[in-house]
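Spelled out, the chains give:
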Amino acid sequence: MADDVLRLLVIEKSLEDAEYLLSTLRNAGIAARPSSAQDIDEVQAALERKPLDIVLINSEHPELGVDAVADAVTRSGKDLPVIAVADDYSPDKILSLKNAGAID
């Protein structure tokens, strides 16, 4: 990470959810430089124009699936972790994310 700042792409359901996530990182002492995306075109544009360290996506995002975002990252040729943040940690949800390629 350049300058000890985490450059992340945040894909959340709402601005409030994104702010909560960023606040949690700041409270943990992690400096973050966020970008956001709400559809696959914005994801692809962010991957092309910005240096990123990590992608965080809410697994319940109404427009984007974890698998679509992971595919976009793979197609970009960048070696970035894609972390799915779930509101529901039920066994069914975890299994669904693992079937989409998630690793815990």
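Our structure is the block above this text.
This section reports on the structure supplied with the text. (Residues numbered from 1 in each chain as written. Predicted model: local features only at pLDDT ≥ 70, side-chain atom pairs only at ≥ 80, totals over all residues. Heavy atoms only, no water.)

### Description of the nonpolar core
In a soluble, globular protein the nonpolar side chains are often hidden away together inside. To be explicit about the condition: Among buried residues, the Ala, Val, Leu, Ile, Met, Phe, Trp, Tyr and Cys ones that are joined through side-chain atoms within 4.5 Å form a nonpolar core. Three labels apply to residues, based on accessible area from a 1.4 Å probe with only protein chains included: buried if under 20% of the type maximum, exposed if over 50%, partly exposed otherwise in between. Helix and strand labels come from DSSP, where a helix needs a run of H or I of at least four residues and a strand needs a run of E of at least two; each type is numbered from the N terminus. We call two residues in contact whenever any of their non-hydrogen atoms come within 4.5 Å of each other.
Within the largest apolar cluster, 16 residues are counted, with the highest numbers of intra-cluster contacts made by Leu 9, Ile 11, Val 43, Leu 47, Val 55 and Val 69. Broken down by secondary-structure element, the contributors of at least two residues to this core are β1 (6-11), α2 (40-49), β3 (54-58) and α3 (66-76). Every residue in contact with Val 69, bar those within four places of it in the chain, is listed here: Ile 11, Val 43, Val 55, Ile 57, Leu 64 and Val 82. One finds Leu 6, Val 10, Leu 22 and Leu 25 within the second-largest nonpolar core, a separate group that totals nine residues.

### Description of the side chain of Asn 58
By secondary structure assignment, the location of Asn 58 is in strand β3. Judged by its relative accessible area of 1%, Asn 58 falls in the buried class. Leaving out residues up to four positions away in the same chain, Asn 58 has contacts with Ile 11, Glu 12, Lys 13, Val 85 and Asp 87.

### Structural notes on the pattern of salt bridges
Put simply, the test is: Salt bridges are defined by distance alone: a side-chain nitrogen of Lys or Arg within 4 Å of a carboxyl oxygen of Asp or Glu.
On inspection of all chains with the given rule, the structure shows two salt bridges. One salt bridge in this structure joins Asp 53 and Arg 7, with 2.7 Å as the shortest N-O distance. Here the residue Asp 53 occupies a position in the loop between α2 and β3, and Arg 7 occupies one in strand β1, the gap between them amounting to 46 residues. Residue Asp 53 is classed as buried on the basis of its relative accessible area, which comes to 16%. Between Glu 19 and Arg 26 there is a salt bridge, and its shortest N-O distance comes to 4.0 Å. Residue classification places Glu 19 among the partly exposed residues on the basis of a relative accessible area of 39%.

### Examining the packing of α2 against α3
Threshold: Each axis is a line fitted through C-alpha atoms, and for a helix only the stretch in contact is used; angles between axes span 0 to 180 degrees, taken between their N-to-C directions. Note on terminology: angles under 35 degrees are roughly parallel, angles over 145 are roughly antiparallel, angles of 65 to 115 are roughly perpendicular, and the others are oblique. By convention the crossing between two helices is left-handed if the near helix lies anticlockwise of the far one by an angle smaller than a right angle, and right-handed if it lies clockwise. In this count, Pro and Cys sit with the nonpolar residues alongside Ala, Val, Leu, Ile, Met, Phe, Trp and Tyr, while Asp, Glu, Lys and Arg are called charged and the others, Gly among them, polar.
Contact pair α2 / α3: the axes reach a minimum separation of 10 Å and the direction vectors enclose 30°. As far as their axial angle goes, α3 and α2 are roughly parallel. The element α2 and its partner α3 pack so that their crossing is right-handed. Residues Ile 40, Val 43, Gln 44 and Leu 47 of α2 form the contact with α3, whose own contacting residues are Ala 68, Val 69, Ala 72, Val 73, Arg 75 and Ser 76. Each residue belonging to the contact of α2 with α3 can be placed in one class, and the counts come to seven nonpolar, two polar and one charged.

From the geometry alone we can't say anything about function, so treat these as descriptive.
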